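Examining the three-dimensional arrangement
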Amino acid sequence: MAADSIPIRPLTIADAVAYRRLRLAALIDSPEAFSSSPQDEEHLSDAEIAARAAPAPPGIVFGAFMGGELSGMAVYLPDTRLKTRHKGTMVGVYVAPALRGTGTGRRLVEHVVRHAATQGVILQCVVAVGNEAARRLYRSLGFQPYGLERDAVFVNGRYFDDELLALDLRHGQS
């Protein structure tokens, strides 16, 4: 399946049920890639899930839809604090196994990067050190490492390190 045949669009409150389903699948499928666990999120109310699926602008969740079903997502969250509002964060990047290797993950991340560029921020993200495919993708899009968090998550009796990455999208900056 060609990546460009997979529609990508911002999620709305109407996508909350699909968002919850995919988010829980992501936490189960790739536990080392997320700091949350299914147990942390399965109790969230419908209102909390709706707020996550469709955050207040300029926050946004981009979703990839295969056969009308939400099958991938990537989230942009702005930092709204006065001293750090020059930064934003990309989180929750996940592509269902059926779409991996199709370029859908790249397209989702590119959507976030383009959106963050309109905000003129330093876009930060975190990637598990063992997730080589994601690390290659982020590096190919210009993200640069700026740190390493040792033992960032503890899953099934094992610690995993996270690499901290940033892409400077400030207007007139390099």
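In what follows, the accompanying structure is described. (Residues numbered from 1 in each chain as written. Predicted model: local features only at pLDDT ≥ 70, side-chain atom pairs only at ≥ 80, totals over all residues. Heavy atoms only, no water.)

1. Brief notes about the overall build of the chain
For the chain, the helix and strand inventory stands at five helices and seven strands. Radius of gyration (C-alpha) of the chain: 16 Å, near the 16 Å computed for a compact globule of 174 residues. Taken over the C-alpha atoms alone, the chain extends approximately 40 × 35 × 35 Å along its principal axes. Split into buried and exposed, the 174 residues of the chain put 45% on the buried side. Sequence-distant contacts, at least 24 apart, represent 61% of the contacts inside the chain between residues at least 6 apart. Taken as a whole, the chain presents about 9,300 Å² of accessible surface, with 53% of it coming from carbon and sulfur. Averaging the coordinates of the 19 positive side-chain charges in the chain and doing the same for the 19 negative ones gives two points 6 Å apart. (Helix = DSSP H or I, 4+ residues; strand = E, 2+ residues; numbered from the N terminus. Rg over C-alpha atoms; globule rule 2.2 N^0.38 Å. Buried < 20%, exposed > 50% of the residue type's maximum accessible area, 1.4 Å probe, protein only. Contact = heavy atoms within 4.5 Å. Areas by Shrake-Rupley, 256 points an atom, 1.4 Å probe, with all protein chains shown as cover. Lys, Arg positive; Asp, Glu negative; His and termini not counted. Charge placed at Lys NZ, Arg CZ, Asp CG, Glu CD.)

2. Some details on the pattern of salt bridges
Opposite charge on two side chains allows them to pair when their charged atoms are near. Tallied over the full model, the rule gives twelve salt bridges. Two residues, Arg9 and Asp15, come together in a salt bridge whose shortest N-O distance is 2.8 Å. Salt-bridge contacts for Arg135 lead to Glu132; the nearest nitrogen and oxygen are separated by 3.0 Å. Here Glu132 and Arg135 lie together in helix H5 (residues 132-140), a separation of three residues that amounts to about one turn. Its relative accessible area of 18% is what places Arg135 among the buried residues. On the basis of relative accessibility, which here comes to 37%, the residue Glu132 falls in the partly exposed class. (Salt bridge = Lys/Arg side-chain N within 4 Å of Asp/Glu carboxyl O.)

3. Some remarks on the sheet that holds strand S5 (residues 122-128)
The strand order across the open sheet built from seven strands is S1-S2-S3-S4-S5-S7-S6, with neighbouring strands paired in mixed fashion. Bordering the open sheet on either side are strand S1 (8-10) and strand S6 (144-155), each of which pairs with just one other strand. Taking the axes of each pair of neighbouring strands and ignoring which way they run, one obtains an average angle of 25° across the sheet. Pairing of strand S4 (residues 87-95) with S5, which is carried by three bridges, proceeds in the parallel orientation. Counted as the bridge partner of Lys87 is Ile122 from S5. Sheet contacts for helix H4 (residues 104-119): S1, strand S2 (60-66), strand S3 (69-78), S4, S5 and strand S7 (158-168); angle to S3, the most-contacted strand, approximately 25°. (Pairing = 2+ DSSP bridges. Axes fitted to C-alpha atoms, helices over the stretch in contact; angles between N-to-C directions.)

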